[in-house]
Amino acid sequence: MKRFLVAIDGSEGSDAAIDQALELAHSLGAQVTFAFVRKPPRSLLGFPYYERLLSAELAKARATIDAALSKAAGKIDARGEVLEGDAVDEILTFADNSGADLIVMGSRGHGAFAGALLGSVSSGVVQHANVPVLVAKQRPGRNQKAA
């Protein structure tokens, strides 16, 4: 395994995925690509509101990727990508096109019922991926450490 795709969104589950991916990539000497998938803004308000919304969303995506790259700095070879569209489709397509050996992503921990109602990106990726998927579970609390 030499190439990891880490899907991130700024959530606590995403932070867990970053940490696990970095640890595994460091031990295997793998390269990591952090990918933030955003949905295209749906604004009927036109100029300049659409541009403001787009700028804000891209700034969030870039900040999330920059934070992940900062964690990886000096440890592993890492880069970041902002993707646009349906999260499941974009993650799967990028993984296939980039030759990823592993997809790492977080889980928000909604549970089976809420996940079925809301739709689960991690579940969709696990069901349709052509490579192994590691789903990192959100930590129980920010100040708690695992035993």
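Before reading further, recall that the structure is shown in the block above.
This one's a predicted model, so the numbers in the text were calculated from it and none came from an experiment.

Undergrad: Quick rundown of helix α3 (residues 87-98)? Include the residues and the values.
TA: If you check α3, its first and last C-alpha atoms are 16 Å apart, about what 12 residues at 1.5 Å a residue would give, namely 16 Å. Those residues of α3 not exposed but buried are Ala87, Val88, Ile91, Leu92, Phe94 and Ala95. Looking down the long axis of α3, one finds its buried residues gathered within 165° of arc, a one-sided arrangement. Those residues of α3 that are buried are in contact with β1 (3-8), β2 (31-38), β3 (78-84), β4 (102-107) and α5 (121-128).

Undergrad: I'd like to hear about the nonpolar core, residue by residue, with values.
TA: Counting 21 residues, the largest nonpolar core has Val6, Ile8, Ile18, Val32 and Phe34 as its most contacted members. Sorting elements by how many residues they give to this core places helix α1 (residues 12-28) first, with 6 residues. Those residues in contact with Ile8 that sit more than four places away from it in its chain are Ser14, Ile18, Phe34, Ala35, Phe36, Val37, Thr64, Ile65 and Ala68. Of all hydrophobic cores here, the second largest spans 16 residues; its members include Ala95, Ala100, Val125 and Ala129.

Undergrad: Lay out the side chain of Ser14 with the relevant residues and their values.
TA: Here Ser14 shows up in helix α1. If sequence neighbours within four positions are ignored, Ser14 has contacts with Ala7, Ile8, Asp9 and Gly106.

Undergrad: Could you give an account of the pairing of β2, naming the residues involved and the relevant values?
TA: Extensive coverage of β2 is indicated by the burial of 7 of its 8 residues. Strand direction decides the pairing type here: β1 and β2, joined by 6 bridges, are parallel. What sits directly across from Arg3, in β2, is Gln31. Strand direction decides the pairing type here: β2 and β3, joined by 7 bridges, are parallel. Across the sheet, Ala35 pairs through a bridge with Glu81, a residue of β3.

Undergrad: Let's hear about the packing of α3 against α5: which residues, and what values?
TA: Any two packed helices are characterised by the angle at which their axes cross and by the distance between the axes. α5 packs onto α3 with a crossing angle of 40° between their chain directions and a minimal axis gap of 9 Å. Between α3 and α5, the crossing angle belongs to the class labelled oblique. At the point where α3 passes α5, the crossing takes the right-handed sense. Seen from α3, the contacting residues are Ala87, Val88, Ile91 and Leu92; seen from α5, they are Val121, Gly124, Val125 and His128. Here the contact of α3 with α5 is built from residues that sort into 6 nonpolar, 2 polar and no charged.

Undergrad: Help me get a handle on the sheet that holds β3, residues and values and all.
TA: Strand order in the open sheet formed by 5 strands is β3-β2-β1-β4-β5, and the pairing between neighbours is parallel. The open sheet has two edge strands with one neighbour each: β3 and β5 (133-137). Across the sheet, the axes of successive neighbouring strands diverge by a mean angle of 25°, strand direction being ignored. With 5 bridges connecting them, β4 and β5 associate as parallel partners. Within the sheet, the bridge partner assigned to Ser107 lies in β5 and is Lys137. Each of β1, β2 and β3 touches helix α2 (residues 49-72); the most contacted strand, β2, lies at about 160° to it.

How each quantity is defined
- Residues numbered from 1 in each chain as written.
- Predicted model: local features only at pLDDT ≥ 70, side-chain atom pairs only at ≥ 80, totals over all residues.
- Heavy atoms only, no water.
- Helix = DSSP H or I, 4+ residues; strand = E, 2+ residues; numbered from the N terminus.
- Expected span 1.5 Å × (residues − 1).
- Buried < 20%, exposed > 50% of the residue type's maximum accessible area, 1.4 Å probe, protein only.
- Arc of directions from axis to C-beta.
- Contact = heavy atoms within 4.5 Å.
- Core = buried A, V, L, I, M, F, W, Y, C linked by side-chain atoms within 4.5 Å.
- Pairing = 2+ DSSP bridges.
- Axes fitted to C-alpha atoms, helices over the stretch in contact; angles between N-to-C directions.
- Parallel < 35°, antiparallel > 145°, perpendicular 65-115°, else oblique.
- Left-handed = near helix turned anticlockwise from the far one by under 90°.
- Nonpolar A, V, L, I, M, F, W, Y, C, P; charged D, E, K, R; others polar.

Note that all results are geometric; they support no functional claim without further evidence.
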